[in-house]
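Fold and contact review
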Amino acid sequence: MARPLVPRVPGLCFGGDYNPEQWPEEVWAEDVALMKAAGVNLVSIGIFSWAWLEPAEGAYEFGWLDRVIDGLHAGGVAVDLATASASPPPWFSHAYPDTLPVDAGGRRLTYGSRQAYCPSSPRYRAAALRLAEQLAHRYGEHPALAMWHVNNEYGCHIWSCYCEVSADAFRGWLRARYGDLDGLNHAWGTAFWSQRYTDWAQVQPPRATPTWGNPTQALDFKAFSSDELLACFTAERDLLRRLTPDIPVTTNLMPGHAVLDQWAWAREMTGPGLLLSADHYIVAENPLPGPAQVAVAADMSRSLAGGPWLLMEHSTSAVNWQPRNLAKPPGQLIRDSLGHVARGSDGAMFFQWRASRAGAEKWHSAMVPHAGVESKVGREVAELGRHLAALGEVAGSVTEAGAAVLLDFRSAWAQEAPSQPSGDMTAFQEVGRWHAALYAAGVTTDVAPPEADLGRYPLVVAPALYLLTDAGAANLSRYVAGGGTLVVGPYSGMVDEHDHIRPAPLPGALSGLLGVAVEEFFPLPAGATVRLDNGAVGQVWTEVAAAVDATVVARYLDGPLPGLPALTRRAEGAGTVWYAATRLADGPLGEFLADLAGSTGAGPVLPEAPPGLEAVRRRQPGGQSYLFLLNHGDEPARVAADGVELLTGAQARGTLEVAAGGVAVVREVHP
Ligand code: GAL
């Protein structure tokens, strides 16, 4: 079996954020007893405890935390100890108002919430490091300490700051990127609208302007802001690695919240002594169904980790921060948790252990709800604990994926900027929609950047790669020439890394590979659709695309461009590349990708799976495989399976029935 992700917690991790400072000490002993009863083996503590750990500058109070950690240890619960840097206390912000973040309009935000700090503030960074150092000295040798939890969800509320300190840091970042002002003026295209800079002092963050600001400036500021937060993380990480080299370090990413360049973050979050953790919450108003949201978030987390990862937070039922906070019906808690485990999480953790009585999150669900553990949620938490204990041997195994969907953060940021041909040409959502189409077809899909080694995937899809570097384009050509099947969505390959339109023929970076030359865009009005002569339907976008060196597979029947190519195909080397010049509607997109997945061998995992039955396979490096079966439907589902069903111990010989809304995990005999 592979080395556990968290060496002090063998098997799968189970627990959540624990905030004992919100409760009188009498409750702590009950907490530990309830944790033991539920099978909890890991809790995250101290995430928002700075005000309690350092109530005045340089005055540390660890007595209470000693008692919490000792109590947990006595109860057999390991600790994911936070560095508490996510929420500086009022005394700090009051004494050092220059550490508070400033928005694009020049308004300085204040404390009384959380994450009220400027990521570039040297004073904030130094104070965070001092606290982390104290914690490392105090608890580095404690036998309960299983891992470090640096900060919390970097960028969740404050992903950038526009203050003078940040402006200075931005200028430094730009100097390193462009060398001199000529480089900057060229990259930002400042010949436009009299924006030419003649002195570095004139260069600012993209603060509020009368109308559209410079798009490349905005793009660089996003990348800079991601790097500044990353520097906050790596500073704490390096200190902890130096002081406690045996304790793994993580911070919890939010795969669905794309303000960070998560590929760049993943490079700093993986490797010896590090582990990648991520949070996920289902959003009721997301166009994707809940299970597809879980799948794409988990697949993204696994792809960032390059293997097993840890689900650090999700919810037992409703959250508190959406317009309508939908509760989870019976069974969904367990399906969501095991959905993440199926897709590579070596555990299931929640926000939070005990529901808060006060504060902005008092109506957020928890493992111990306000109703107590004798409740739907309490019983399902205990059941999940039993399931995770039964699945211990799955830890370290690798989820098998047959396809990859490409995502580039800089590209998506550029594509979603203002003053584009159509405001409906979303990028992040489109990646989710294509992922969901493959999910519905039963195909497990990794997420990858365009420069990744794609050779192991029979099928790669690129729904929205507006900005594509030369290296990315060359990689895609190599992939196809080597025998891969690539599907490219419209408006891809249009601009270079500075967001400058590439020379004709468009799409400049991909025209040769696709064998297509685009002359003019004809975006569609809101809600309009076009029919294709192969029965498919397009939406959002059409364009005048000539098939210069490609086969036309479908043409428009109506819309602004009847008779022109809508879908093309071209053979290149040993592979094939497809180009969709319109956004195929959900139904036809699903059929198209399902067909390609089948013909290329990308999936599905279980060819005969009934609708609503999700099947995912994890495999130990040694070869043992585990088939996860989640029945999201209202009817029992019978599937082909051979082996031991680990949650019940029952033997599956040839077939297995998964109850409506139920879950099963089979240790397979014939992988
Ligand atoms: C996360 C955060 C937690 C809690 C949770 C509520 O974004 O890390 O502290 O606020 O959301 O859903």
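Here the structure is shown first, and the text comes after it.
Residues numbered from 1 in each chain as written. Predicted model: local features only at pLDDT ≥ 70, side-chain atom pairs only at ≥ 80, totals over all residues. Heavy atoms only, no water.

Some words on the overall build of the chain
From N to C terminus, the chain includes 17 helices and 27 strands. Since a compact globule built from 671 residues should have a radius of gyration of about 26 Å, the 26 Å found for the chain is in line with a globular shape. Taken along the three principal axes of its C-alpha coordinates, the chain extends 75 × 75 × 40 Å. Within the span of the chain, comprising 671 residues, buried residues form 58% of the whole. Long-range pairs, those at least 24 residues apart, make up 72% of the contacts in the chain with a sequence separation of at least 6. Approximately 25,600 Å² of the chain is accessible, and the part contributed by carbon and sulfur atoms is 54%. (Helix = DSSP H or I, 4+ residues; strand = E, 2+ residues; numbered from the N terminus. Rg over C-alpha atoms; globule rule 2.2 N^0.38 Å. Buried < 20%, exposed > 50% of the residue type's maximum accessible area, 1.4 Å probe, protein only. Contact = heavy atoms within 4.5 Å. Areas by Shrake-Rupley, 256 points an atom, 1.4 Å probe, with all protein chains shown as cover.)

Some points on the nonpolar core
Inside soluble globular proteins, nonpolar side chains tend to come together where they are buried. Counting 176 residues, the largest nonpolar core has Ile45, Leu65, Leu72, Leu81, Leu338 and Leu486 as its most contacted members. The element that contributes the greatest number of residues to this core is helix 8 (residues 215-243), accounting for 10 residues. When sequence neighbours within four positions are dropped, the list of residues in contact with Leu72 reads Tyr18, Val32, Met35, Val43, Ile45, Val77 and Val79. Of all hydrophobic cores here, the second largest spans 14 residues; its members include Leu629, Ala637, Val639 and Val658. (Core = buried A, V, L, I, M, F, W, Y, C linked by side-chain atoms within 4.5 Å.)

Section: the sheet that holds strand 11 (residues 403-406)
One key point about sheets: their strands pair by backbone hydrogen bonds, in either a parallel or an antiparallel sense. The strand order across the open sheet formed by 7 strands is 12-11-13-14-21-20-19, and the pairing between neighbours is mixed. A strand with exactly one partner marks an edge of an open sheet, and here the two such strands are strand 12 (445-448) and strand 19 (551-555). Adjacent strand axes in the sheet meet at a mean angle of 20 degrees when their direction is disregarded. Pairing geometry for strand 11 and strand 13 (residues 459-462), over 3 bridges, is parallel. The residue bridging Ala404 from the neighbouring strand is Val460, located in strand 13. Packed on one face of the sheet, helix 14 (residues 428-440) meets strand 11, strand 12, strand 13 and strand 14 (485-488) and runs near 165 degrees to strand 11. (Pairing = 2+ DSSP bridges. Axes fitted to C-alpha atoms, helices over the stretch in contact; angles between N-to-C directions.)

Some details on the packing of helix 9 (residues 262-269) against helix 10 (residues 290-305)
It is at 8 Å that the axes of helix 9 and helix 10 come closest, and there the two elements cross at 50 degrees. Here helix 10 runs oblique to helix 9, going by the angle between their axes. The residues of helix 10 that touch helix 9, namely those facing Gln262, Trp263 and Ala266, are Met300, Ser303 and Leu304. Broken down by class, the residue content of the contact of helix 9 with helix 10 amounts to 4 nonpolar, 2 polar and no charged. (Parallel < 35°, antiparallel > 145°, perpendicular 65-115°, else oblique. Nonpolar A, V, L, I, M, F, W, Y, C, P; charged D, E, K, R; others polar.)

Some thoughts on the site of the ligand
What surrounds the ligand is the set Phe48, Arg114, Asn152, Glu153, Asp279, Tyr281, Glu313, Trp321, Phe351, Glu361 and His364. Contact distances for the ligand include 2.8 Å between an oxygen atom and a side-chain N or O atom of Asn152. The contact in question runs from an oxygen atom of the ligand to an N or O atom on the side chain of Glu153, over 2.2 Å. Notes on the ligand: free accessible area 310 Å², of which the protein chains cover 96%. Of the residues contributing to the shell around the ligand, the split by class is 4 nonpolar, 2 polar and 5 charged. (Near = heavy atom within 4 Å. Polar contact = N/O pair within 3.5 Å; in protein donor to acceptor, adjacent residues only side chain to side chain.)

Considering the environment of Arg8
Examined against the element boundaries, Arg8 turns out to sit in the segment before strand 1 (13-18). C-alpha of Arg8 to C-alpha of His387: the two residues are 379 residues apart in sequence and 20 Å apart in space. When residues no more than four places from it in sequence are discounted, the contact partners of Arg8 are His142, Pro143, Ala144, Leu145, Ala146 and Ile247. Polar side-chain contacts of Arg8 include one of 3.2 Å to the backbone oxygen of His142.

Considering unusual backbone geometry
Among all residues save glycine, negative phi is the norm, and among peptide bonds the norm is trans. A cis amide bond links Ala504 with the next residue in sequence, Pro505, at an omega value of 0 degrees. Here Pro505 shows up in the loop between strand 14 and helix 16 (511-514). In the segment running from Gly603 into Pro604, the intervening peptide bond is cis, with an omega of 5 degrees. Assignment of secondary structure puts Pro604 in the loop between helix 17 (586-600) and strand 23 (613-619). For Asn151, which is not a glycine, the phi torsion comes out positive at approximately 50 degrees. Counting through the fold element by element, Asn151 comes out in the loop between strand 4 (145-149) and helix 6 (164-178). With a phi angle near 70 degrees, Val540 is a residue other than glycine that sits in the positive phi range. Here Val540 falls in the buried class, since its relative accessible area comes to 15%.

Considering the sheet that holds strand 23
In spatial order, the strands read 10-23-24-27-25-26; together these 6 strands make up an open sheet with antiparallel pairing. Of all strands in the sheet, those bounded by a partner on one side alone are strand 10 (398-399) and strand 26 (651-658). With 7 bridges connecting them, strand 23 and strand 24 (residues 625-631) associate as antiparallel partners. Bridged to Arg618 within strand 24 is Tyr626.

Some details on the packing of aromatic side chains
Given two aromatic rings, one states the distance between the centres and the angle between the planes to describe the pair. Applying the stated criterion to the full structure yields 29 aromatic pairs. Measuring from centroid to centroid gives 5.5 Å for Tyr491 and Phe521, while their planes differ by 90 degrees, and the two rings are edge-to-face. A residue pair is termed long-range when its members are at least 10 positions apart, and Tyr491 in the loop between strand 14 and helix 16 and Phe521 in strand 15 (residues 516-521) qualify at 30 residues. Judged by its relative accessible area of 25%, Phe521 falls in the partly exposed class. Ring centres of Phe521 and Trp541 lie 4.8 Å apart, and the angle between their planes is 45 degrees; on these two criteria the pair is classed as tilted. With Phe521 in strand 15 and Trp541 in the loop between strand 17 (537-539) and strand 18 (543-547), the pair connects residues that are 20 residues apart, well separated along the chain. An aromatic cluster is present here, built from Tyr162, Phe170, Trp173, Trp188, Tyr197, Phe221 and Phe224 joined pairwise through their rings. The ring of Trp578 carries Arg569 above its face, with NZ or CZ at 5.4 Å from the centroid. (Phe/Tyr/Trp six-rings, centres within 6.5 Å; stacked < 30°, edge-to-face > 60°. Lys NZ or Arg CZ within 6 Å of the ring centre and 35° of its normal.)

A word on the pairing of strand 2 (residues 42-45)
Here strand 2 shows two buried faces, one formed by Leu42 and Ser44 and the other by Val43 and Ile45. One ladder, built from 4 bridges, connects strand 1 with strand 2; its direction is parallel. Opposite Asp17, over in strand 2, you have Ser44 as the bridge partner. Note that the unit made of strand 1, helix 1 (residues 25-38) and strand 2 has a crossover that is right-handed. (Right-handed = clockwise from strand over helix to strand, strands pointing away.)

Some thoughts on the side chain of Thr250
Inspection of the secondary structure puts Thr250 in strand 5 (residues 249-250). What makes Thr250 buried here is its relative accessible area of 1%. Among the polar contacts made by the side chain of Thr250, one reaches the side chain of Ser277 at a distance of 2.9 Å. The contacts of Thr250, once residues within four sequence positions are left out, are Met147, Trp148, His149, Val150, Phe233, Met269, Leu275, Leu276, Ser277 and Met312.

Remarks on helix 10
Helix length check: helix 10 (16 residues) gives 23 Å between terminal C-alpha atoms against 22 Å at 1.5 Å per residue, within 8%. Counting buried residues in helix 10 gives 15 out of 16 residues, a clear majority hidden from the surface. Following helix 10 by one or two positions, Gly306 adopts a phi angle in the positive range, close to 70 degrees. (Expected span 1.5 Å × (residues − 1).)

Some remarks on a nonpolar patch on the surface
Taken together, the side chains of Phe192, Trp193 and Trp212 define a hydrophobic patch exposed on the protein surface, amounting to about 390 Å² of accessible area. Tracing the backbone shows Trp212 in the loop between helix 7 (181-188) and helix 8. (Patch = residues over 30% accessible without salt bridge, like charges linked within 9 Å, V, L, I, M, F, W, Y side chains within 5 Å. Salt bridge = Lys/Arg side-chain N within 4 Å of Asp/Glu carboxyl O.)

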